[in-house]
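So you can see what is in the structure, the chains are spelled out below.
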Amino acid sequence: MEMRTVTISTLKRLKNSVIGNPAAKLDLAQDTAFIHLLVNCLKHPPTSYTDTQGSHDDIRIEAAHVIAPDDAVQLKPALARGLRVLSTAIAEVVGPSQLGLRTWSSDLRSEAKATLSYLFEFDCLNIFLPLLTDSSSQTNIAIAQLISTTVRSEAHRNAVAEWLPPAERSKEIKSRRGWEKKELITSGSPARQGGWVVRLLVNFLQKKDLKLQEAALGAISSLAMENTVVATTLTRSWHDAVDTPLNTILNLMKSRSTDVQLAASLCAAHVLRGTASHHPGSIYYSAALNVILVVNRVLSSSSETPQNKIKTCYTLYHLVKDDKDLCREVYERGTLEKVVLLAKHITPLEKTSEWEEDEPESTLALREATLIVIAAISLFDNNIRREVADDLQLVPTIQVSLSHKNVGIRHAACTCLRAISRAVAMIRTNITDSDIGMKLFAIFQKEDEDPRVTYAALNAICNLVIDFSPLRPKLLAQGLLPRLVQLLSSDDLNMRVSALWAIRNTLQKSDPSTRQTTMSHLGWPRLVMLCNDSSPEIQEQAMGILHNLAEDERGVDYVFESINTATLVNCITFGLESSNEHVTRYTACFLANIANGSREQQDFIFAHAHFIHAIHDCMTDAKSDTRCPLISCILSLVQSNIHRKHELAEAGIITTLRHMCDWTAGVSVSMSPGGRHHRMHMDDDKEAVKLARSVLDLLEHSNIGDLL
């Protein structure tokens with residue numbers, strides 16, 4: 001290209017010469033220097049040129065025409081792809097990551113979060129979601145992929161699922177009566193079919209374009225994740241469809257394309273978990289088994305790429321996470337063994353200087369994925385934990401991964417160790433003998449460690465300090481308490497809760513020396529403040545600490561010596577009146593401990609009449625694990641002094657106890673005459689009924705003189 005002087009006239013001549021001339025376009029595209037010159041014109045037009053009537057904007061316009069003549073059809077898919085790439089990168093910074101942990105600066109995350117929120121504002125959705133109806137499949141694919149990779153929060157999920165084009169939006173509003181629910185307007189309404197976007201995405205599944213199917217499955221997966229409305233809609237028949245969307249998704253798990261199979265498997269996993277109808281015996285449980293079959297096939301194949309195996313591991317994770325039955329299923333079907341063997345195969349136990357430097361990124365990501373899914377499967381069952389630690393001998397693999405430079409691998413190793421350490425036998429044998437517990441503690445102690453790794457390690461520490469753990473005295477001697485107290489100042493609520501949880505476990509069945517050492521670090525004023533914290537999770541752990549401090553008579557004395565009466569009254573009242581059942585339960589347990597104390601400490605309960613009334617309210621409204629310690633508290637008080645019968649009767653407690661004992665199996669009884677009228681099936685509360693009878697028998701048949 002000879003022309004180097006950029007003017008409006010020359011640009012127009014150049015534009016006319018390339019329109020409809022592929023050879024000229026190719027020649028221009030290969031002239032890199034001139035292309036750069038044209039791009040610079042878009043940003044910084046020349047300040048002097050021969051066409052005196054030109055303007056900077058004219059230069060920009062003509063330069064743009066030269067760069068993309070007659071390419072409007074290709075421009076829309078290109079812009080859609082560009083938006084997808086940009087939005088995906090932003091979503092990856094904001095998190096949570098879809099495939100493993102990523103690390104970004106807090107400043108960058110803050111800016112990215114604001115940008116991502118803007119992307120899901122109504123005005124922005126009005127621009128790119130209508131492109132799902134574009135005639136170009138490339139545009140459809142790009143927008144579906146954008147939804148798949150960018151929608152990662154409940155708010156954004158709802159924004160996309162509930163969006164309607166302006167025309168349909170106005171039609172929906174006009175046809176709706178004030179009393180009608182949106183989902184029940186008409187059988188063909190977009191809301192009835194999971195939303196306008198979901199309806200189009202499901203239609204894409206009927207196409208023969210594999211790339212479009214894969215993209216649509218990914219988008220549906222992101223919208224159905226933890227979204228009961230969308231997930232449930234996908235399991236129902238639609239008025240204009242032969243089959244349910246879920247069956248269409250399940251059929252695509254048989255596609256000749258592995259990418260489509262994996263996308264369909266992940267989509268099915270999210271739909272099944274979103275419906276909450278995947279328990280054994282349900283019609284959807286067999287669908288979950290089909291997902292497991294695909295997972296087993298990919299994990300067993302030596303020809304599958306690491307990237308496909310990474311996707312498979314996370315599909316399995318989303319299927320079984322926090323579901324005891326499905327965890328057991330994948331264990332019995334050999335899936336767990338396949339994942340463990342894969343993790344061991346890609347993890348050398350001998351560390352060399354070249355190991356961490358030369359490992360491919362795909363191998364690192366696969367190791368992280370395997371450990372994460374092993375942790376999820378091992379969370380509930382001791383037999384599974386024994387299989388992982390003893391039979392499959394994964395502990396050395398976890399141990400070497402704890403010190404890896406990759407933050408995702410360290411985090412996954414800590415998470416895996418936390419799951420295994422939920423078994424008493426594992427702590428006493430594998431974890432103690434291999435010294436992996438102390439290696440975990442060394443990570444936990446590092447103040448410059450990634451907070452996510454620290455949090456995962458802290459959750460494992462909570463298991464290692466329970467009363468039967470041989471590691472508790474070692475960890476206390478090496479500085480556990482100062483580190484836990486330091487973490488109470490974290491900005492992360494979950495970190496603070498887990499730190500308190502570890503302190504609570506440290507105090508469980510502890511000796512007086514451990515209690516005093518713990519409280520010298522925690523401090524009584526701080527504990528009182530935590531009991532009145534605005535967060536129910538913090539309150540729960542703080543009341544649990546009080547309960548464990550007062551597990552015996554010496555402990556009750558220690559609490560009464562350290563907290564003045566008025567402050568203690570406020571803490572107990574706040575706990576009993578809490579709307580959070582866990583806070584109420586620990587407060588009830590603490591009161592039961594006080595009732596086992598001295599006569600003076602028992603009188604403390606009756607000295608504050610609102611305690612008795614609060615106990616009555618909790619007895620009528622709470623669950624069994626709260627009701628039992630409360631009735632146990634009453635039993636201890638009555639055993640100590642039968643004269644307290646009058647105060648109990650005035651508060652309505654005796655009447656309520658009689659109602660509890662009048663139950664018949666399967667009959668619902670009101671336990672609070674004149675009160676909150678909470679109704680329940682007492683067949684589920686046999687222990688509470690047994691305690692109630694003990695109290696009533698004591699009140700009705702005991703010799704008052706024997707009880708004084």
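Everything numeric in this text was worked out from a predicted model, so none of it was measured.

Parameters at a glance
Residues numbered from 1 in each chain as written. Predicted model: local features only at pLDDT ≥ 70, side-chain atom pairs only at ≥ 80, totals over all residues. Heavy atoms only, no water. Helix = DSSP H or I, 4+ residues; strand = E, 2+ residues; numbered from the N terminus. Buried < 20%, exposed > 50% of the residue type's maximum accessible area, 1.4 Å probe, protein only. Contact = heavy atoms within 4.5 Å. Areas by Shrake-Rupley, 256 points an atom, 1.4 Å probe, with all protein chains shown as cover. Axes fitted to C-alpha atoms, helices over the stretch in contact; angles between N-to-C directions. Parallel < 35°, antiparallel > 145°, perpendicular 65-115°, else oblique. Left-handed = near helix turned anticlockwise from the far one by under 90°. Nonpolar A, V, L, I, M, F, W, Y, C, P; charged D, E, K, R; others polar. Expected span 1.5 Å × (residues − 1). Polar contact = N/O pair within 3.5 Å; in protein donor to acceptor, adjacent residues only side chain to side chain. Arc of directions from axis to C-beta. Salt bridge = Lys/Arg side-chain N within 4 Å of Asp/Glu carboxyl O. Core = buried A, V, L, I, M, F, W, Y, C linked by side-chain atoms within 4.5 Å.

## A look at the overall build of the chain
Secondary structure assignment for the chain yields 43 helices and two strands. Buried residues in the chain amount to 53% of all 708 residues. Nonlocal contacts in the chain, meaning residues at least 24 apart in sequence, comprise 69% of its contacts between residues at least 6 apart. When the accessible surface of the chain is split by element, carbon and sulfur atoms take 51% of a total near 32,500 Å².

## A look at the packing of helix 16 (residues 285-300) against helix 19 (residues 335-345)
Put simply, helix 16 and helix 19 touch, their axes get as near as 10 Å, and they point 30° apart. Judged on the interaxial angle alone, helix 19 and helix 16 are roughly parallel. Helix 19 is crossed by helix 16, and the crossing has left-handed handedness. Together, I292, V295, N296, L299 and S300 of helix 16 and T335, K338, V339 and L342 of helix 19 make up the contact between the two elements. Its residues assigned to classes, the contact of helix 16 with helix 19 shows five nonpolar, three polar and one charged.

## Some words on helix 27 (residues 451-464)
Here helix 27 contains 14 residues, and its C-alpha end-to-end distance of 20 Å stays within 8% of the 20 Å for a straight helix at 1.5 Å per residue. With respect to burial, helix 27 is a largely interior element, eleven of its 14 residues being buried. Of the residues making up helix 27, those classed as buried are V453, T454, A456, A457, L458, N459, A460, I461, C462, N463 and L464. Buried residues belonging to helix 27 abut helix 24 (407-420), helix 25 (424-433), helix 26 (436-445), helix 28 (472-477), helix 29 (480-487) and helix 30 (493-507). Sitting at the head of helix 27, D450 places a side-chain oxygen 2.8 Å from the backbone nitrogen of R452.

## A word on helix 41 (residues 653-661)
For helix 41, the full list of buried residues reads I653, I654, T656, L657, M660 and C661. One side of helix 41 carries all its buried residues, which in axial view fall inside an arc of 160°.

## Examining the pattern of salt bridges
Inspection of every chain in the model, using the stated rule, returns twelve salt bridges. One salt bridge in this structure joins R410 and E449, with 2.7 Å as the shortest N-O distance. In this pair, R410 sits in helix 24 while E449 sits in the loop between helix 26 and helix 27, placing the two residues 39 residues apart along the sequence. For R410, a relative accessible area of 13% translates into the label buried. The network of salt bridges with shared partners includes E92, R102 and R152.

## Focus: the nonpolar core
Core analysis: the biggest nonpolar cluster contains 206 residues, and V197, L201, I374, L527 and I605 have the highest contact counts within it. Broken down by element, the residue count for this core peaks at ten residues, all from helix 16. Excluding its chain neighbours within four sequence positions, the residues that come into contact with L201 are L132, A144, A216, A219, I220 and L223. If you look at the next biggest cluster of nonpolar residues, it comprises 13 residues, including V6, I8, F34 and A63.

None of this, on its own, says anything about what the molecule does.
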